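Remarks on the overall topology
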Amino acid sequence: MRLLIILSVLFSPLSFAGHHSESMDNQIIFLLDLEVIEGKESQVDDLIDRLVENVKKTEPDTIAYEYYASSKDRIFLYEVYKDHDAAEFHVDSFMQGDLMPIFVDTFKVVTFEVLGTTTDELKEKMKDFGDNDKSKKIEKLNQNSNLIKERLKKQLSLIHISE
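The structure contained in this document is the topic of the report that follows.

Reading guide: rules and limits
- Residues numbered from 1 in each chain as written.
- Predicted model: local features only at pLDDT ≥ 70, side-chain atom pairs only at ≥ 80, totals over all residues.
- Heavy atoms only, no water.
- Helix = DSSP H or I, 4+ residues; strand = E, 2+ residues; numbered from the N terminus.
- Expected span 1.5 Å × (residues − 1).
- Buried < 20%, exposed > 50% of the residue type's maximum accessible area, 1.4 Å probe, protein only.
- Arc of directions from axis to C-beta.
- Contact = heavy atoms within 4.5 Å.
- Pairing = 2+ DSSP bridges.
- Axes fitted to C-alpha atoms, helices over the stretch in contact; angles between N-to-C directions.

A word on helix α3 (residues 44-58)
With 15 residues, α3 should reach 21 Å at 1.5 Å per residue; the first-to-last C-alpha distance of 21 Å fits that figure. Among all positions of α3, only Val-44, Leu-47, Ile-48, Leu-51, Val-52 and Val-55 are buried. Burial along α3 is one-sided: seen end-on, the buried residues are contained in an arc of 130°. Exposed residues pointing more than 90 degrees away from the buried face of α3 are listed as Asp-45, Asp-49, Lys-56 and Lys-57.

Listed below in structure tokens is the structure:
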């Protein structure tokens, strides 16, 4: 009887609670430590509200998108995406959106960590984002914009040909 109790405890569902589900294995997590640029403190709350609202409305595969203030000039951003495609969608949307220039003008990215398995293409898109040189960020934004435009042109031409 004692053996039966021990075996039932060892093999109960609770013993597997620490195991990640398959869906969690695909998640991509972004961790950003942000410093508020001096003189921009008054726009932080409104910008964060706008960013969070935008993500909630337009990114259904975003599991978490949360800002935490450790002081008036230091913010921690925690982002969790269902999978690589959701993370890449977020990056593309952010880089093309109206809030990116305001974000770059408001925050200095101190650290930017990516957890999870992702592609070189996504890493390349984010490569310069941790760099605080605004001209590099603007140049990267323009490159990404041109890349997306070229892809759209190719897709439209393929659609036109196939009709």
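Let us keep going from here.
Side note on the environment of Val-114
Looking at the secondary structure, you find Val-114 in strand β4 (residues 107-115). As for Val-114 and Leu-32, which are separated by 82 residues in sequence, their C-alpha atoms are 8.9 Å apart. Look past the residues within four positions of Val-114 in its chain and what remains in contact with it is Ile-28, Ile-29, Phe-30 and Met-126.

Observations concerning the sheet that holds strand β2 (residues 62-71)
Strand order across the open sheet formed by four strands is β2-β3-β1-β4, with antiparallel pairing between neighbours. On the outer flanks of this sheet lie β2 and β4, each paired with one strand and no other. Strand-to-strand twist of the sheet, defined as the mean angle between neighbouring strand axes without regard to direction, takes the value 15°. Against the sheet, helix α4 (residues 84-96) contacts β1 (28-36), β2 and β3 (74-81), and its axis sits at roughly 30° relative to β1. Relative to β4, helix α5 (residues 99-106) is tilted by about 110°, and along the sheet it contacts β1, β2 and β4.

Here's the deal with the pairing of β1
Counting buried residues in β1 gives eight out of nine residues, a clear majority hidden from the surface. The sheet contact formed by β1 and β3 spans eight bridges and is antiparallel. The residue of β3 that forms the bridge with Leu-31 is Tyr-78. Looking at chain direction, β1 and β4 are connected through eight bridges and run antiparallel. If you follow Leu-34 over to β4, its bridge partner there is Val-109.

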